[in-house]
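Structural overview
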Amino acid sequence: MTVVRRSPFSEFIPLREAVDRMFDENMLRPLRIANGKHEAVPALDLYTTPEAVIAEVALPGVDPEKVDITIAYDVVTVTGSFKEEDKETTEAGFVHKELDRGVFSRVFSLPTAVDTEAAKAMFKEGILTLPLPKTVQVKPKHVKVEVS
């Protein structure tokens, strides 16, 4: 009679495999579900200079004419659509698929007040750049109380 002993650790996966799975499951490229469809969330760099808040949104393969930008109070919303899949691509037997297709949306908060009237948008080499000039800060005003 042969006795087979199982290790209590045999059910655990190696750390390297767990990390690989995490990256394969789009942990770094999140998707949002909106209206029953997956919606891509483009990568964003947001930084400030003394004069402006600068947002850079990665939109490779996007037609700049199909991008909509809304600035309301301290929230910026960038929406649009990536190139749709053509029939030939749709019927292909994908082994691995990461390119974004369909609609996207990126919403982010601004760290300071900006002048929305002076906002601009530039698109170059798949990067949407939004230089948003900061507003002039209102200086405190001291008011003397008059005694009557």
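I will try to describe carefully the structure that is included in this document. (Residues numbered from 1 in each chain as written. Predicted model: local features only at pLDDT ≥ 70, side-chain atom pairs only at ≥ 80, totals over all residues. Heavy atoms only, no water.)

1. Digging into unusual backbone geometry
Although it is not a glycine, Tyr73 adopts a positive phi angle of roughly 60°. As for its position among the elements, Tyr73 is in the loop between strand S5 (67–72) and strand S6 (75–81). A residue is classified by how much of its surface remains accessible, and Tyr73, at 83% relative accessible area, is exposed. (Helix = DSSP H or I, 4+ residues; strand = E, 2+ residues; numbered from the N terminus. Buried < 20%, exposed > 50% of the residue type's maximum accessible area, 1.4 Å probe, protein only.)

2. Details of the sheet that holds strand S4 (residues 52–58)
Spatially, S3-S4-S9-S8 is the arrangement adopted by the four strands of the open sheet, whose pairing is antiparallel. Whereas interior strands pair on both sides, the edge strands pair on one side only; in this sheet they are strand S3 (44–48) and strand S8 (122–124). For this sheet, the mean angle separating the axes of adjacent strands, direction not counted, is 15°. (Pairing = 2+ DSSP bridges. Axes fitted to C-alpha atoms, helices over the stretch in contact; angles between N-to-C directions.)

3. Some details on the environment of Val114
If you trace the backbone, Val114 turns up in the loop between strand S7 (103–109) and S8. Look at Val114 and you get buried, because its relative accessible area is 11%. Distance from Val114 to Tyr73, taken between C-alpha atoms, is 8.6 Å for residues 41 residues apart in sequence. Setting aside chain neighbours within four positions, we find Val114 in contact with Val53, Leu132, Pro133, Lys134 and Thr135. (Contact = heavy atoms within 4.5 Å.)

4. Quick notes on the environment of Thr77
Relative to the helices and strands, Thr77 is located in strand S6. Remark: the alpha-carbon pair of Thr77 and Ser109, spanning 32 residues in sequence, is separated by 9.0 Å. Beyond its immediate stretch of four places on either side in the chain, Thr77 contacts Asp68, Ile69, Thr70, Ser105, Arg106 and Val107.

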